[in-house]
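# Commentary on secondary and tertiary structure
Spelled out, the chains give:
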Amino acid sequence: MSWNHTRQIGQAQVHSLTDGQFRLDGGAMFGSVPRVLWERAAPADDLNRIRLRINPLLIQLGGENILVETGFWDQGGEKFEGLYGLDRDETVFRGLDRLGLSPGDIHLVINTHLHFDHAGRNVTLLGDPTFPNARYVVQKQELDDALHTHERSRASYVPTYIEPIRDAGLFDLIEGEHELRPGLSVLPLPGHNLGQQGVVLRSEGQTLVYVADLIPTLAHAPLPYIMGYDLYPVTTLETRKAHLGAWFEQNATICTPHDPDAPFSRLHENPKGGFTLQADR
């Protein structure tokens, strides 16, 4: 299949890529929301897992190729991939190739956070940086937490794709909101974990936001639809309240990391309060 979808955001060209499909437990994905509500938008299989996708983003801006997320960890083995129902129907590398690019053409990698389904392709099977000419941007808090895990967070991080980047001195550690390039910023979005960051692109009056796991799919836009995986769910709620209204007013293009069908979306007011996300085809 071919997933690549493209948007022009002012002076930037933005390509939604994918690194395949996977599945996670629907109850865990929607936390305290009853199944009778969430399964309308996200039908579960016979193992109670819902279909998700890994959706990195390529931003071409100012002559640079900037990759947001690198993809799903590829060294887990058959049992690991079976647990998550991983289906490599597409890869980030094939997506780049169709755009005439190779990993060596990436100038900057932005890790929203370092979980294995977001940063797992940071290194190759040999342990070398996958994108050898790139710096890797991550929040200092997130790298600290990834290297000092606890019982709730340990399963989400794998040292083999984190430590080689650290040891090579390729991480650029950010603290808080930071403009990386004119019009391109990272923004703290805590809740899923403390060091998560989103990516905000502004150009010629247009705005695009890669929201990371603050809103993993379009079905998660209602304020109470918060994952059981979130370490700080009340913080997730507060972060959503702090930003969704502004993104709605800006008519921002929203990119979620795991929606299985819609690479781009926009916020719409919900008559019952809050917002919904609808695909922007």
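Here the structure is shown first, and the text comes after it.
Residues numbered from 1 in each chain as written. Predicted model: local features only at pLDDT ≥ 70, side-chain atom pairs only at ≥ 80, totals over all residues. Heavy atoms only, no water.

### Points about the nonpolar core
If you look at the biggest cluster of nonpolar residues, it comprises 43 residues, and the most contacted ones within it are Phe-30 and Leu-114. Elements represented by at least two residues in this core include exactly strand E3 (21–25), helix H1 (26–30), strand E4 (49–53), helix H4 (92–98), helix H5 (116–119), strand E8 (135–139) and helix H6 (140–147). In contact with Phe-30, other than residues within four places in its own chain, are Trp-38, Ala-42, Ile-50, Ala-219, His-220, Tyr-225 and Ile-226. Ile-9, Leu-61, Val-186 and Tyr-210 belong to the second-largest nonpolar core, a separate cluster that totals 21 residues. (Core = buried A, V, L, I, M, F, W, Y, C linked by side-chain atoms within 4.5 Å. Buried < 20%, exposed > 50% of the residue type's maximum accessible area, 1.4 Å probe, protein only. Helix = DSSP H or I, 4+ residues; strand = E, 2+ residues; numbered from the N terminus. Contact = heavy atoms within 4.5 Å.)

### A short note on the environment of Gly-120
By secondary structure assignment, the location of Gly-120 is in the loop between H5 and E8. Here Gly-120 falls in the buried class, since its relative accessible area comes to 0%. Sequence separation of Gly-120 and Thr-70 is 50 residues, and the distance between their C-alpha atoms is 6.6 Å. Among all residues touching Gly-120, those that are not within four sequence positions of it are Thr-70, Gly-71, Phe-72, Trp-73, His-115 and Tyr-161.

### So, unusual backbone geometry
The residue Asn-48 is not glycine, and still its phi comes out positive at about 70 degrees. Residue placement: Asn-48 occurs in the loop between helix H2 (35–38) and E4. Residue Asn-251 is not a glycine yet carries a positive backbone phi of 50 degrees. Within the element layout of this structure, Asn-251 appears in the loop between helix H8 (233–249) and strand E14 (253–255). Asn-251 gets classed as partly exposed once you look at its relative accessible area, which sits at 47%.

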